[in-house]
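Below are the chains, spelled out letter by letter.
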Amino acid sequence: QVHLVESGGGLVQTGGSLRLSCAASGRTFSPYAMAWFRQPPGKEREFVASISKSNITYYVDSVKGRFTISRDNAKNTLYLQMNAVQPEDTAVYFCAAGDYSGSRIEYEYDHWGQGTQVTVYS
């Protein structure tokens, strides 16, 4: 069992930057594919980005060129660097761990964090 805890959320102005972190404990997360999902207010949770255990990355089109997912296996930590944020990026951001590299499907991820709120204001 791997336990995930997100941090780094908060208020950020449009066009600004924020870095989210996801610390894993319980088991090393190097064998897992990792991902970020988000849930905007009043909407369903959606895929943002994923990274395989060999560091192959995938992004939803709306964040390509602005967000970067990365992982530090030595620190058991996943990151999401968010640049040029927009109001539509406002959401609760969740990290997840699973066995399927590149998956955009929620149910293919077995372990989830509790989420961290990101609010982008104009």
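Residues numbered from 1 in each chain as written. Predicted model: local features only at pLDDT ≥ 70, side-chain atom pairs only at ≥ 80, totals over all residues. Heavy atoms only, no water.

1. A few points about the overall build of the chain
- Within the chain one finds 0 helices and 11 strands.
- Going from N to C terminus, the chain has its helices and strands arranged as β-β-β-β-β-β-β-β-β-β-β.
- Considering only C-alpha atoms, the chain reaches an extent of 40 × 25 × 25 Å along its principal axes.
- Across the 122 residues that make up the chain, the buried fraction comes to 46%. (Helix = DSSP H or I, 4+ residues; strand = E, 2+ residues; numbered from the N terminus. Buried < 20%, exposed > 50% of the residue type's maximum accessible area, 1.4 Å probe, protein only.)

2. Considering the pattern of salt bridges
- Under the definition given, this model contains 5 salt bridges.
- One salt bridge in this structure joins R38 and D89, with 2.9 Å as the shortest N-O distance. Residue R38 is found in strand β4 (residues 33-39), and its partner D89 is found in the loop between β8 (77-82) and β9 (91-98); the two are separated by 51 residues along the sequence.
- We classify D89 as buried; its relative accessible area is 1%.
- Of the charged contacts in the structure, one is a salt bridge between E106 and R45, with a shortest N-O distance of 3.0 Å. (Salt bridge = Lys/Arg side-chain N within 4 Å of Asp/Glu carboxyl O.)

3. Structural notes on the environment of E46
- Tracing the backbone shows E46 in strand β5 (residues 46-51).
- When the C-alpha positions of E46 and F94 are compared, they lie 9.8 Å apart, and in sequence the two are 48 residues distant.
- The contacts of E46, once residues within four sequence positions are left out, are F37, R38 and P40. (Contact = heavy atoms within 4.5 Å.)

4. As for the environment of G98
- Mapped onto the secondary structure, G98 falls in strand β9.
- Each C-alpha atom of the pair G98 and P40 lies 22 Å from the other, and the pair is 58 residues apart in sequence.
- For G98, the residues in contact, after removing those within four places along its chain, are Y32, A33, E108, Y109 and D110.

5. So, the side chain of R66
- If you trace the backbone, R66 turns up in the loop between β6 (57-59) and β7 (67-72).
- For R66, a relative accessible area of 16% gives the class buried.
- Within the local environment of R66, its side chain forms a polar contact with the backbone oxygen of A84, the two atoms lying 2.9 Å apart.
- If we ignore the near neighbours within four places in the chain, the residues touching R66 are Q81, M82, N83, A84, V85, Q86 and D89. (Polar contact = N/O pair within 3.5 Å; in protein donor to acceptor, adjacent residues only side chain to side chain.)

6. Looking at the state of the cysteines
- Evaluation of the coordinates by the stated rule reveals 1 disulfide.
- Residue pairing for C22: its cysteine sulfur links by disulfide to C95, the two sulfurs lying 2.0 Å apart. Its torsion about the S-S bond being 55°, the disulfide of C22 and C95 is classed as right-handed. Of the two residues, C22 is situated in strand β3 (residues 18-25) and C95 in strand β9; the sequence distance between them amounts to 73 residues. Each member of the pair, C22 as well as C95, carries the same accessibility label: buried. (Disulfide = S-S within 2.5 Å.)

7. Observations regarding the sheet that holds β7
- If you walk across this open sheet you meet the 4 strands as β1-β3-β8-β7, and the pairing is antiparallel. Of all the strands in the sheet, the pair left with one neighbour each is β1 (3-7) and β7. Strand-to-strand, the axes of this sheet are offset by a mean angle of 15°, without reference to chain direction.
- When β1 meets β3, the two strands line up antiparallel, connected through 5 bridges. Within β3, the position partnered with S7 by the bridge is S21. (Pairing = 2+ DSSP bridges. Axes fitted to C-alpha atoms, helices over the stretch in contact; angles between N-to-C directions.)

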